[in-house]
Amino acid sequence: MSHTTVTMFVNGQAMSGGTLNDALSSARYIGPVRTAPHYKFFSYDDVFPGLLRVPDGGWSVPGEIYEVSYTELREELLPREPSELELSVIELEDGSGSLSMVCRRAPIDGEAREILATGGWREHLRTLSSRT
């Protein structure tokens, strides 16, 4: 990794096959990864997810990690992220860190629903489609 790139953990529509993945078209896919077990995971109207670090009751949320340039991050990905999320540094399962989008604050009643699907965002979406 050069000094002009950073790692970016994604766990929603920016993952491969998602509607925002084109924002990472120049990024290098590193592979699947999970967060450290310190996060809760929320669905905002089943459109996008959000991570929230918690002192207890969290779990290891699955996602993907990319090596992305600052330019790509600034010009392609961040402008398309929802206002409910902000850029932060998270802890990964192996103890290392990565940039990621996280909830600006804990969701209030009715704003978002907690995702408990151990397969993460994709599994959550599959459960929705299987209900119809």
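Residues numbered from 1 in each chain as written. Predicted model: local features only at pLDDT ≥ 70, side-chain atom pairs only at ≥ 80, totals over all residues. Heavy atoms only, no water.

### Here we look at the overall build of the protein
Of the regular secondary structure elements, the protein holds 2 helices and 8 strands. N-terminal to C-terminal, the α/β element order of the protein is β-β-β-β-β-α-β-β-β-α. Expected size for 132 residues packed as a compact globule is a radius of gyration near 14 Å; at 14 Å, the protein falls within 12% of this value. In terms of overall dimensions, the protein has C-alpha extents of about 40 × 35 × 25 Å along its principal axes. Within the protein, buried positions represent 46% of all 132 residues. Sequence separation of at least 24 residues holds for 69% of the intrachain contacts in the protein that already meet a minimum separation of 6. Carbon and sulfur atoms make up 51% of the accessible area of the protein, which totals about 7000 Å². (Helix = DSSP H or I, 4+ residues; strand = E, 2+ residues; numbered from the N terminus. Rg over C-alpha atoms; globule rule 2.2 N^0.38 Å. Buried < 20%, exposed > 50% of the residue type's maximum accessible area, 1.4 Å probe, protein only. Contact = heavy atoms within 4.5 Å. Areas by Shrake-Rupley, 256 points an atom, 1.4 Å probe, with all protein chains shown as cover.)

### A closer look at the layout of surface pockets
Computed from the structure, the largest pocket encloses a volume of approximately 200 Å³. Along the wall of the largest pocket there are 20 residues; nearest its centre are Gly 12, Gln 13, Leu 20, Glu 81 and Leu 85. Listed by contribution, the elements that provide at least two residues to the lining of the largest pocket are strand 1 (5-10), strand 4 (48-53) and strand 7 (97-103). No other element matches the 4 residues that strand 4 contributes to the lining of the largest pocket. Split by residue class, the lining of the largest pocket holds 12 nonpolar, 6 polar and 2 charged. (1 Å grid on protein atoms, 1.4 Å probe; cavity = no way out; pocket = protein on both sides within 12 Å on 5 of 7 lines; lining within 4 Å. Points joined across faces, edges and corners; volume = space filled by probe spheres on them. Nonpolar A, V, L, I, M, F, W, Y, C, P; charged D, E, K, R; others polar.)

### Section: unusual backbone geometry
What is expected of a backbone is that most residues other than glycine have negative phi and most peptide bonds are trans. Residues other than glycine seldom take positive phi values, yet Asp 45 does so here, at roughly 55 degrees. Backbone geometry at Asp 46 places phi at a positive 60 degrees, although glycine is not the residue there. Take Asp 46: it is sitting in the loop between strand 3 (39-44) and strand 4.

### Observations concerning the pattern of salt bridges
A complete count under the given rule lists 8 salt bridges for this structure. Between Arg 28 and Glu 67 there is a salt bridge, and its shortest N-O distance comes to 2.9 Å. Separated by 39 residues along the polypeptide, Arg 28 in strand 2 (residues 28-34) and Glu 67 in strand 5 (residues 62-69) bring together distant segments of the chain. Judged by relative accessible area, Arg 28 falls into the partly exposed class, the value being 48%. (Salt bridge = Lys/Arg side-chain N within 4 Å of Asp/Glu carboxyl O.)

### Brief notes about the side chain of Thr 5
Assignment of secondary structure puts Thr 5 in strand 1. We classify Thr 5 as buried; its relative accessible area is 15%. Among the polar contacts listed, one links the side chain of Thr 5 to the side chain of Glu 67, at a separation of 3.3 Å. Setting aside chain neighbours within four positions, we find Thr 5 in contact with Glu 67, Val 68, Ser 69 and Tyr 70. (Polar contact = N/O pair within 3.5 Å; in protein donor to acceptor, adjacent residues only side chain to side chain.)

### Notes on the sheet that holds strand 8 (residues 113-114)
Spatially, the 3 strands line up as an open sheet ordered 4-3-8, and their pairing is antiparallel. Edge strands, defined here as strands with exactly one partner in the open sheet, are strand 4 and strand 8. Relative to strand 8, strand 3 runs antiparallel, the two sharing 2 bridges. What sits directly across from Ser 43, in strand 8, is Arg 113. (Pairing = 2+ DSSP bridges.)

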